[in-house]
Amino acid sequence: TGRTTLIKGDTIMKLNCLTGKVILALALIFSTAVPVFAEENDLAEVQKSMKARLKDMVTMKKDGQIGENNLGYLTARSSDEKVTELVKEENADRKIVYDTIATKQKVSSKSIGQARAKQIAEKAKDGEWLQSTDGKWYQKGSADDPAKKK
């Protein structure tokens with residue numbers, strides 16, 4: 001059940017999950033009103049949902065229950081129901097954001113997610129789980145951290 005949301009002008013949201021502040025970086029500048037299709041949520045609702053999950057997400061990352069994969073999405077590292085539900089909800093919202101940016105930039109949503117994954121990895125705190133571009137999981141700051149091997 002989708003809903004059409006019209007966005008006119010600048011819409012800026014920022015996301016910086018790994019530093020503990022969700023601020024979604026979405027700069028959408030449209031010269032005319034452009035329909036953006038967002039499943040059930042408009043971007044303001046998505047931002048609100050992401051901010052509401054932030055505290056739990058930061059705690060779960062710190063505890064090693066979730067990690068950031070190389071496609072810009074969360075991956076559950078625990079089978080706990082609260083963890084899997086948070087991952088599902090966050091990833092659904094990220095997909096909306098990535099799809100919106102991709103539509104505006106006329107690129108694939110996958111490329112937007114991969115670019116975001118690199119930003120997230122750069123800003124991650126030591127000990128957080130990340131997935132490298134080759135698919136290997138590592139903890140930021142560990143001996144396996146690709147940034148440490150450079």
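Use the structure listed above.
Just so we're clear, the structure is a prediction, and the values are computed from it rather than from any experiment.

This part takes up the packing of aromatic side chains. Within a pair of aromatic rings, the relevant descriptors are the distance that separates the centres and the angle that separates the planes. The tally for this structure, following the rule as stated, stands at 1 aromatic pair. Aromatic pair Tyr73 and Tyr98: ring centres 5.3 Å apart, planes at 70°, arrangement edge-to-face. One end of the pair, Tyr73, is in the loop between β3 (66–68) and β4 (74–76); the other, Tyr98, is in helix α2 (residues 81–105), and 25 residues separate them in sequence. Classification of Tyr98 as buried rests on a relative accessible area of 3%. Positioned over the ring face of Trp137 is Arg77, at 5.6 Å from the centre of the ring.

On to the nonpolar core, then. Core analysis: the largest hydrophobic core is formed by 10 residues, namely Leu43, Val46, Met50, Tyr73, Ile96, Val97, Tyr98, Ile101, Ala102 and Ile112. Listing elements by their share of this core, those giving two or more residues are α1 (43–62) and α2. With 5 residues, the top contributor of residues to this core is α2. Setting aside anything within four residues of it in sequence, one finds Tyr73 in contact with Gly67, Glu68, Asn91, Arg94, Lys95 and Tyr98. Judged by nonpolar contacts, the second largest core, of 8 residues, contains Met57, Ile66, Val83 and Leu86.

Moving on, we get to the layout of surface pockets. For the largest pocket, the calculated volume is near 420 Å³. Taken together, 20 residues form the lining of the largest pocket, with Lys118, Ala121, Ser132, Thr133 and Tyr138 sitting closest to its centre. Among the secondary structure elements, those contributing two or more residues to the lining of the largest pocket are α3 (109–123) and β5 (129–131). Considering every element that reaches the lining of the largest pocket, the biggest residue donor is α3, with 6 residues. Across the lining of the largest pocket, the residue classes tally to 8 nonpolar, 6 polar and 6 charged.

Calculation notes
Residues numbered from 1 in each chain as written. Predicted model: local features only at pLDDT ≥ 70, side-chain atom pairs only at ≥ 80, totals over all residues. Heavy atoms only, no water. Phe/Tyr/Trp six-rings, centres within 6.5 Å; stacked < 30°, edge-to-face > 60°. Helix = DSSP H or I, 4+ residues; strand = E, 2+ residues; numbered from the N terminus. Buried < 20%, exposed > 50% of the residue type's maximum accessible area, 1.4 Å probe, protein only. Lys NZ or Arg CZ within 6 Å of the ring centre and 35° of its normal. Core = buried A, V, L, I, M, F, W, Y, C linked by side-chain atoms within 4.5 Å. Contact = heavy atoms within 4.5 Å. 1 Å grid on protein atoms, 1.4 Å probe; cavity = no way out; pocket = protein on both sides within 12 Å on 5 of 7 lines; lining within 4 Å. Points joined across faces, edges and corners; volume = space filled by probe spheres on them. Nonpolar A, V, L, I, M, F, W, Y, C, P; charged D, E, K, R; others polar.

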